[in-house]
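Residue-level structure breakdown
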Number of protein chains: 2
Amino acid sequence: MSIFGEIPGYPEGSEFANRKAVREAGLHRHNIKGISGTATDGVDAIVLSGGYTDDIDDGNVVIYTGEGGRDINTTRQIRDQEIAGGNAGLVESCLKGYPVRVIRGSQLRNAFAPTQGYRYCGLYTVQSYWLEEGIDGFRIIRFRLEKIHASPEPALLTTPLPTGSQQPPQQRYSITRVVRDTRVTRTIKEIYDYQCQVCGERLETSQGPYAEAAHIRPLGRPHNGPDTIENVLCLCPNHHVLFDRGAFTIDDTLVVRSIDSTVSPSSLIVRPTHPISLEMLAYHRDHFDFTAPA
Amino acid sequence: MSIFGEIPGYPEGSEFANRKAVREAGLHRHNIKGISGTATDGVDAIVLSGGYTDDIDDGNVVIYTGEGGRDINTTRQIRDQEIAGGNAGLVESCLKGYPVRVIRGSQLRNAFAPTQGYRYCGLYTVQSYWLEEGIDGFRIIRFRLEKIHASPEPALLTTPLPTGSQQPPQQRYSITRVVRDTRVTRTIKEIYDYQCQVCGERLETSQGPYAEAAHIRPLGRPHNGPDTIENVLCLCPNHHVLFDRGAFTIDDTLVVRSIDSTVSPSSLIVRPTHPISLEMLAYHRDHFDFTAPA
């Protein structure tokens, strides 16, 4: 049974002498493993303790490497990682928007870690995940976690909700999805007059048409995609979600290929004033096609 | 020409003796009007100074009443407000995700206002807008603004972006869309097996199907809708956006009525285990059908 969110009596900043103390407080279920959770329930906590050289810790943003595929003695990658076990749990937590307790160990030796023992550093959400070739040449799965900021409405939570509540705020939490509108993203919508480049749909509201600008290679660390017209597509929300989840990719001939075998390949709608970067499309395929053989 | 975001030299907390000083600093373009902006460009700033009795100021969340329809002498509503002028500008800012500078005047007499003059209180985004019957019995338009929290990536910005940038972070901003997953919202997706109740679509990804739970009467202040199964629908992202924007409503016989006259009415898909509150559907029609006669 997973308990998501804050554990009563252990606010952010609580410190612990060792992993056993973290476990006994109910913050994490294991003594050694980094990921606490299952594929079915999602992940309720992770420990950052410097074990993975690919990890990045910026405090409010953590790039966390999935588990598995390492040699138990050398700790080097010797096999590809799979979306299974704790990794599948982190995917589940991303899809469901569950909060994840982040615990840092002194072994991290960075500005956010305690000088000794372990510290509970608050709640994060899993914002995205993708595939990458790790330092040792094998496929790893990486997860971007972002800290949940204090919110004007009660943002923290205890156990999952009962079946319904007339007064949800005390037990509700919210996560966020980043949406941007810059001159680039506005331009792409104007080029396509708010028509989705995959299905041709244009959502109509009384306040005007609606479309989303989807970055092919995502902005921000660690993807660092450029905010240029060559790196964006004009999509309806459905195809934006599907593209970000790797449910379809776009090949070098601009054919849309779905991982759902019932959907036939189709040509991407492209206007002459919209140059599309083949390099960015390759980046998307390399990092978000979760069905590709490693 | 609208300048969105922070004005160099005037960080959050900057104080001004009067509206003229606010205007001369470039924070707001008017001396008296509350809303600085146009229907086409969006709104770059608003002043909160206690003029509208319907306003709510919780610091990080502001419920702001639109402009117009008031008697110039008594300041009471004497006509319905319309989505035009500054109100249309705030709608535009919501749809585009533009940041709005919020300036508070001492007349507010609350914990977030200065004791004298005016204070620049940071950047907010317009999260939503809806129709309501105001205290004086006429239709008003209300806007929910939420403060943009400090972000690990540079969240603030100067003027709108140039056509493209290989190094976007310095001039990028992000806004957020709230997504939730509670036991209630998980249950609704399971009842419909991730099928949209409007179009019947089920989005497939290699990590599982995807659907969104849409609250009919929104959660949180000021709508305070309940987080119960009677108040949620299982929708695809496209129909979630369209529902939240009032592009369709659902009548008491559970027929989906689009404001787009090219779309025929259709029956909502409903499973026997999903009781739907007619009261919540009426709330949605009353507050989000922007085409309804007042």
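Residues numbered from 1 in each chain as written. Chains lettered and ligands numbered in written order. Predicted model: local features only at pLDDT ≥ 70, side-chain atom pairs only at ≥ 80, totals over all residues. Heavy atoms only, no water.

**Notes on the overall build of chain A**
To keep things clear, this is the line we draw: Strands are runs of DSSP state E lasting at least 2 residues, helices are runs of H or I lasting at least 4, and numbering of each runs from the N terminus. Any residue under 20% of the maximum accessible area for its type is buried, any over 50% is exposed, and the rest in between are partly exposed; the area is computed with a 1.4 Å probe on protein chains only. What makes two residues a contact is simply this: any of their non-hydrogen atoms within 4.5 Å. Only the protein chains shown count as cover for residues, and all accessible areas are computed by the Shrake-Rupley method using a 1.4 Å probe.
Assigned secondary structure in chain A consists of 5 helices and 16 strands. Every one of the 294 residues in chain A was classed for burial, and the buried ones make up 53%. Expressed as a percentage of contacts within chain A between residues at least 6 apart in sequence, the contacts between residues at least 24 apart total 59%. Surface accessibility of chain A: about 12,400 Å² in total, with carbon and sulfur atoms responsible for 50%.

**Quick notes on the sheet that holds strand β16 (residues 266-267) of chain B**
Residue and element names in this part refer to chain B. Put simply, the rule reads: By this definition, two strands are paired if DSSP reports at least two bridges between them.
One open sheet accounts for 3 strands, arranged β14-β15-β16; its pairing is antiparallel. Two strands in the sheet have a free side with no partner beyond their single neighbour: β14 (248-250) and β16. In the sheet, β14 pairs with strand β15 (residues 255-258) via 3 bridges, with the strands oriented antiparallel. Residue Phe 248 lies in a different strand from β15, and its bridge partner there is Ser 258.

**Considerations on the environment of Arg 101 of chain A**
Residues and elements named next belong to chain A. Spelled out, the test is: Whenever two N or O atoms come within 3.5 Å, that pair is a polar contact, provided that in protein one can donate a hydrogen and the other can accept it, and provided that, for residues adjacent in sequence, both atoms are side-chain atoms.
Inspection of the secondary structure assignment puts Arg 101 in strand β6 (residues 99-105). Here Arg 101 falls in the buried class, since its relative accessible area comes to 1%. As a C-alpha pair, Arg 101 and Arg 19 span 82 residues in sequence and 14 Å in three-dimensional space. When residues no more than four places from it in sequence are discounted, the contact partners of Arg 101 are Ile 3, Phe 4, Gly 5, Ile 7, Gly 26, Leu 27, Asp 44, Ala 45, Ile 46, Tyr 120, Gly 122 and Leu 123. A polar atom in the side chain of Arg 101 sits 2.7 Å from the backbone oxygen of Gly 5.

**Topic: the packing of helix α4 (residues 237-244) of chain A against helix α4 (residues 237-244) of chain B**
Threshold: Axes, fitted as lines to C-alpha atoms, cover a helix only where it is in contact. Angles between the N-to-C directions of the axes lie from 0 to 180 degrees. Oblique is the label for any angle not under 35 degrees, not over 145, and not in the 65 to 115 range, which are roughly parallel, roughly antiparallel and roughly perpendicular in turn.
Between α4 of chain A and α4 of chain B, whose axes approach to 6 Å, the crossing angle comes to 140 degrees. With respect to α4 of chain B, the axis of α4 of chain A lies oblique. Of α4 of chain B, the residues touching α4 of chain A (which contributes Pro 237, Asn 238 and Val 241 of chain A) are Pro 237, Asn 238 and Val 241 of chain B.

**Here we look at unusual backbone geometry**
Residue and element names in this part refer to chain A. A positive phi angle is found at Arg 109, which is not glycine, with a value near 50 degrees. With respect to the helices, strands and loops of the structure, Arg 109 is situated in the loop between β6 and β7 (118-133). Given the relative accessible area of 76%, Arg 109 is considered exposed.

**Comments concerning the pattern of salt bridges**
Oppositely charged side chains can form a pair if their charged atoms are brought close together. Convention followed: We define a salt bridge as a contact between a side-chain nitrogen of Lys or Arg and a carboxyl oxygen of Asp or Glu at a distance within 4 Å.
Here the structure, examined in full by the defined rule, presents 28 salt bridges over all chains. With a closest N to O distance of 2.7 Å, Arg 119 of chain B and Glu 15 of chain B form a salt bridge. Residue Arg 119 of chain B is found in strand β7 (residues 118-133), and its partner Glu 15 of chain B is found in strand β1 (residues 15-16); the two are separated by 104 residues along the sequence. Measuring nitrogen to oxygen at the nearest pair gives 3.5 Å for the salt bridge that ties Arg 29 of chain B to Asp 44 of chain B. A residue pair is termed long-range when its members are at least 10 positions apart, and Arg 29 of chain B in the loop between α1 (19-24) and β2 (35-38) and Asp 44 of chain B in strand β3 (residues 42-48) qualify at 15 residues. By relative accessible area, which is 31% here, Arg 29 of chain B ends up partly exposed. Salt bridges sharing common partners tie together Arg 29, Asp 44 and Arg 101 of chain A.

**Points about the state of the cysteines**
The bond known as a disulfide is covalent and runs between the sulfur atoms of two cysteines. Residues and elements named next belong to chain A. For clarity, the cut-off: Count a disulfide wherever a pair of cysteine sulfur atoms falls within 2.5 Å.
Tallying each qualifying case throughout the model produces 0 disulfides over all chains. Free of any disulfide, Cys 196 has its nearest cysteine sulfur in Cys 199, 3.7 Å distant. For Cys 196, a relative accessible area of 1% translates into the label buried. Take Cys 236: it sits in no disulfide, and the sulfur closest to it among the cysteines is that of Cys 196, at 3.9 Å.

**Some remarks on the sheet that holds strand β15 (residues 255-258) of chain A**
Strand order in the open sheet formed by 3 strands is β14-β15-β16 (chain A), with antiparallel pairing between adjacent strands. Looking at which strands have only one partner, the edges of the open sheet turn out to be β14 (248-250) and β16 (266-267) of chain A.

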